[in-house]
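Summary of the model geometry
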Amino acid sequence: MLFGRKQRNPIKIADKGVVEWRYATCGYCSTGCALEIGINANGTPVATRGAAGADVNRGKLCIKGIFEHELFTSSGRGTVPLLRERRSAPLAPVTWDAALDRTASEIKRIQAVHGRDAFAVVSTGQLLTEEFYTLGKVVRGAIGTNNYDGNTTLCMASAVSGYKRSFGSDGPPGCYDDFEHTRCMLAVGSNLPEQHPVIYWRLKEAREKRHFPLIVVDPRVTMFAQMADIHLPVTPGTDVVLLNSLAHVILNEKLEDRNYINEHTSRSNDFEKNLEDFAPDKAAKVCGIDADTIRLVARTYAKAKAAMTIWTMGINQSTHGSDGVVAINNLNLITGNVGRPGGGGLSITGQCNAMGTREWSSCSGLPGYRLLEEPAHREEIARFWGIDPEFFPKKRGLAQTDIFPAIEAGQIKGLWLIATNPMTSMPNSARIRKMLEKLEILVVQDAYADVETVRYAHLYLPAAMWAEKEGCFTNTERRVNFVTKITEPPGDAKPDHWIFAELAKRFENGRKMKVPQTTAEAFEEMRVLSKGRLCDISGMTHARIKAEKGIQWPCPDGATTGAPRLYTDGHFRYADRKAKLITLPFEDNNERPDEAYPFWLNSGRVVEHFHTRTKTGKIGNLNKFSPTPYMEINPDAAQALGVEHMQYVRLVSRRGDAVVMAQLTHRVPRDMVFIPFHFHDCVNRLSLGLLDPYSRQPAFKQCAVRIEPVAQATAGRLNAAMRRF
Ligand code: SF4
């Protein structure tokens, strides 16, 4: 007993009068924690607890999940459709029929005058998978625009692109169970304890049982880096140089798995020659990690019986994001780690159902990882949906990050945003504002009417959220889990699925096709279409998913369980069944600090908030712990500038400025500042967001800023005014 205390004094949880617990899957991050919402005798959700016996989280939840029941009564919810004729007029309530008629008529008007692709659709990673499938069916099959994407382009597009380039298909090969088997972990650009706390807990448990080397690559001394055996504080944007150099050492010292390379990979002739440019002594000068440490890490990784790499936005949000993912795949292919228990790669996804949109939304192709570029895939889906295959475009249209510039260029005239908030999430927000103001029609469909982007909307469609509906999410490790409907949406808000199905009726093809009227109907269509695909879910049913508290795909019809790993047989999705080892030259192509803007600006997530705070900004305890944006600055840099702890400063980039509160910490080096990305009118007033050439994902994490003093009282007032929730 500590300090001589004799009496046990356990924490007492207030009795909330729960009479029933209902099952759901967390609606925040992609960890995919299974939880239960406690309902009191009045039918009101009053508590949340982790679901025991669910493999992902085993009863645990993080601070966001534990308050999730409070979302049902959070402020700012939309309860009725709103419309205005001019953006200068106030939004006024209308009926659903009027709102959907106007949406359909505006889409048809714009398409008739400017062509089908002049109307764009940008969705999210927050809907149920069945809703993504139905949205894809409506957009691809009825509306027929090719400029359709998800906001997942801001977080996972580089992982998708890298998987496709290396393995011939999207789909994370690894799983959380790999933590129990690995002998070495390399974590690149992932602050797991803050971003995905429950995945981190799984990893920590595994390391406590059986210590294995943890190597964290991150420019900041993050919480994760502080727990690592080796921390590599890489120069921003140079991960590819470091990863290529690791591969160089492995090949140079003959530590590779030559049999695996010969049997399961193909490569261009210059693959090994290109790596000669990345000898550790040379690479060290670019990536900032000394040559001896590069050699040590390469040897540790290659000699481990099983070695795995996890990564998040530090890799993806870069002008080399896709190449970074390919470099990780290269590393795991040359060491024969792909498909091995405890080996290979696991991209840690952002949103709760970013995976569901990748698999089923048809954003970048057709459902079930099918491609628009494949005539057989167009034919198959058109036949299944009952439409003419010629209605489909023959290649993918614009990504989200190209849709906005196309508005600026006058090519796109109308936009439908679904559960996404570009006024806070997109880089260079001043430019985004001008683009939104240029639209002839902006329709925003969201659970919250006070989301910042609604200020620019002509039409607002109030949507049900998360467990006000019923269906599936897929988590980071390909686990499909279930969300039960816990409560009704407020007022006249409707499930996204209902909105899609009703809108479809207003289009000729939408009447011709059988659009699923429920998520259960949509799931049945997905099951049929998934047969034989990599993301095969034909062995799943809603009831089975719920009973087993989540099942990983592929799970073909008749399978007793889902597959924990992909590519265990060394067969990949290219025609020759081999993975590609891809040559990756490095070009330093991003903004860098200079005399005028001497600091790197880095950004990331804090544990209390999720994305643009649309939800977490309304939850008392989360907001209390993280109420305001701040800037981490090194104490030496602060002293040189005369900046004190907790003082407001003005950050200036070539795009704009932002006022933040300084937090002095050695987490960041002297030439870097860090700001959480969640807050409106903050980091994205500064960010540049150059795009990765393959994935079109923005380099949020690398640009240059300077720091200026600001009048404290004025800054305090401005800060409060800019963050009303
Ligand atoms: S770790 Fe992610 S999925 Fe789990 S409770 Fe927290 S936010 Fe939800």
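Let me begin by describing the structure that accompanies this report. (Residues numbered from 1 in each chain as written. Predicted model: local features only at pLDDT ≥ 70, side-chain atom pairs only at ≥ 80, totals over all residues. Heavy atoms only, no water.)

1. Overview of helix α8 (residues 239-252)
Filter applied, for reference: Helix numbers and strand numbers start at the N terminus; a helix is a DSSP run of H or I with at least 4 residues, a strand a run of E with at least 2. Expected helix span is taken as 1.5 Å per residue step, with the number of steps being one fewer than the number of residues. Note on classification: 1.4 Å probe, protein chains only; a residue is buried when its accessible area is under 20% of the maximum for its type, exposed when over 50%, partly exposed between these limits.
Taking 1.5 Å per residue as the helical rise, α8 with its 14 residues ought to reach 20 Å, and the 20 Å between its terminal C-alpha atoms agrees with that figure. Most of α8 sits inside the fold, with 13 of its 14 residues counted as buried. Of the residues trailing α8, Lys254 is marked for its positive phi of about 55°.

2. With respect to the pattern of salt bridges
The line we're drawing: Take a side-chain nitrogen of Lys or Arg and a carboxyl oxygen of Asp or Glu: if they are within 4 Å of each other, that pair is a salt bridge.
According to the stated counting rule, one finds 54 salt bridges in the structure shown. Linking Arg49 and Glu36 is a salt bridge whose minimum nitrogen-to-oxygen distance equals 2.8 Å. In this pair, Arg49 is assigned in strand β3 (residues 45-50) and Glu36 in strand β2 (residues 34-40), connecting sequence segments 13 residues apart. Owing to a relative accessible area of 37%, Arg49 belongs among the partly exposed residues under this scheme. A salt bridge links Glu708 to Arg706; its shortest N-O distance comes to 2.8 Å. Residue classification places Arg706 among the partly exposed positions, given a relative accessible area of 27%.

3. Details of the nonpolar core
When a protein is soluble and globular, its nonpolar side chains tend to lie buried together. Our working rule: Throughout, nonpolar core names a set of buried Ala, Val, Leu, Ile, Met, Phe, Trp, Tyr and Cys residues whose side chains join them through atoms within 4.5 Å.
Membership of the largest hydrophobic core comes to 120 residues, with the highest contact counts inside it found for Leu186, Trp416, Met540 and Trp553. The biggest single contributor to this core is α8, with nine residues. Core analysis: the second largest hydrophobic core is formed by 27 residues, Ile37, Ile39, Met465 and Trp466 among them.

4. What to know about the sheet that holds strand β14 (residues 414-418)
Note on sheets: strands pair through backbone hydrogen bonds, and any given pair is parallel or antiparallel. Keep this limit in mind: One bridge is not enough; two strands pair if DSSP finds at least two bridges between them.
Ordered by their spatial adjacency, seven strands build an open sheet running β5-β4-β16-β15-β14-β6-β7, and the pairing between neighbours is mixed. Lying at the two open borders of the sheet, with one neighbouring strand each, are β5 (92-93) and β7 (148-150). As paired elements, strand β6 (residues 119-123) and β14 share four bridges and run parallel to each other. Paired with Phe119 across the bridge in β14 is Gly414.

5. Re the environment of Gly125
Operational definition: Note on definitions: a residue-residue contact is assigned when non-hydrogen atoms from the two residues lie within 4.5 Å.
Considering the arrangement of structural elements, one finds Gly125 in the loop between β6 and α3 (129-143). The residues contacting Gly125, other than those within four sequence positions of it, are Phe132, Asn151, Thr152, Gln351, Cys352, Asn353, Ala354 and Thr357.

6. Structural notes on empty space enclosed by the protein
Stated precisely, the cut-off is as follows: Think of a 1 Å grid over just the protein atoms. A cavity is a set of points where a 1.4 Å probe fits yet cannot get out, a pocket is an open set with protein on both sides within 12 Å along at least five of seven lines, and lining residues have an atom within 4 Å of a point. Grid points are joined across faces, edges and corners, and a volume is the space filled by probe spheres set on the points. Note that Gly is not counted as nonpolar here; it falls among the polar residues with everything else outside the nonpolar set of Ala, Val, Leu, Ile, Met, Phe, Trp, Tyr, Cys and Pro and the charged set of Asp, Glu, Lys and Arg.
The final tally for this structure, using the stated rule, is five cavities of 30 Å³ or more. Roughly 710 Å³ of internal volume is contained in the largest cavity. Along the wall of the largest cavity there are 44 residues; nearest its centre are Gln126, Gln351, Phe610, His611 and Thr612. Put simply, the parts of the chain that give the lining of the largest cavity at least two residues each are α18 (422-425) and β21 (599-604). In terms of residue class, the lining of the largest cavity is built from 16 nonpolar, 21 polar and seven charged. Estimated volume of the second largest cavity: approximately 230 Å³. Residue lining of the second largest cavity: 24 residues in total, with Asp218, Pro219, Gly314, Asn602 and Lys701 positioned closest to the centre.

7. Things to note about the packing of aromatic side chains
Our working rule: When two rings of Phe, Tyr or Trp (its six-membered ring) have centres within 6.5 Å they constitute a pair, described as stacked for plane angles under 30 degrees, edge-to-face for angles over 60, and tilted for the intermediate range. Note on geometry: a ring has a charge over it if NZ (lysine) or CZ (arginine) is within 6 Å of the ring centre and within 35 degrees of the ring normal.
Applying the stated rule across the entire model yields 15 aromatic pairs. Taken together through their ring pairs, the aromatic side chains of Tyr163, Phe167, Trp311, Tyr567 and Phe572 make up a single cluster. For Arg116, the ring lying beneath its charged end belongs to Phe391, and the centroid distance is 4.1 Å. Note that Arg478 overlies the ring of Trp553, its terminal NZ or CZ placed 5.6 Å from the centroid.

8. What about unusual backbone geometry?
Glycine aside, residues mostly have negative phi, and peptide bonds are mostly found in the trans state. With an omega dihedral of 0°, the bond running from Trp553 to Pro554 counts as a cis peptide bond. In this model, Arg577 sits at a positive phi of 65°, which is unusual for a non-glycine residue. Looking at the element boundaries, Arg577 is found in the loop between β19 (551-552) and β20 (579-581). What makes Arg577 partly exposed here is its relative accessible area of 46%.

9. Topic: the site of the ligand
The condition is simple: The near set for a molecule or strand comprises every residue that places at least one heavy atom within 4 Å of it.
Every residue close to the ligand is listed here: Cys26, Tyr28, Cys29, Thr31, Gly32, Cys33, Leu61, Cys62, Lys64, Gly65, Pro197 and Val198. Elements represented by at least two residues in the shell around the ligand include exactly α1 (63-66) and α6 (197-209). Residues that form the shell around the ligand fall into these classes: eight nonpolar, three polar and one charged.

10. Focus on the layout of surface pockets
Put simply, the largest pocket is a space of about 910 Å³. Val160, Lys164, Ser364, Leu371 and Arg396 are, among the 39 residues lining the largest pocket, the residues nearest its centre. Every element with two or more residues in the lining of the largest pocket is listed here: β7, α4 (157-167) and α15 (354-360). With five residues, α4 is the single largest residue contributor to the lining of the largest pocket. Partitioned by chemical class, the residues of the lining of the largest pocket number eleven nonpolar, 14 polar and 14 charged.

11. Structural notes on the environment of Leu82
Looking at the secondary structure, you find Leu82 in strand β4 (residues 82-83). By relative accessible area, which is 17% here, Leu82 ends up buried. Apart from the residues within four sequence positions on either side, Leu82 is in contact with Leu91, Ala92, Pro93, Val94, His458, Leu459 and Tyr460.

12. Regarding the sheet that holds β19
Taken in spatial order, the three strands make up an open sheet running β17-β18-β19, and their pairing is antiparallel. The open sheet has two free edges, formed respectively by β17 (471-474) and β19, since each of these has just one partner strand.

13. With respect to α4
Most of α4 sits inside the fold, with ten of its eleven residues counted as buried. Taken as a whole, α4 has its buried residues at Ala157, Ser158, Ala159, Val160, Ser161, Gly162, Tyr163, Arg165, Ser166 and Phe167. Check the buried side of α4 and you find it contacts β12 (307-311), α13 (313-316), α14 (321-334), β13 (344-347), α15 and β20. Where α4 terminates, the next one or two residues include Gly168, which has phi positive at roughly 90°.

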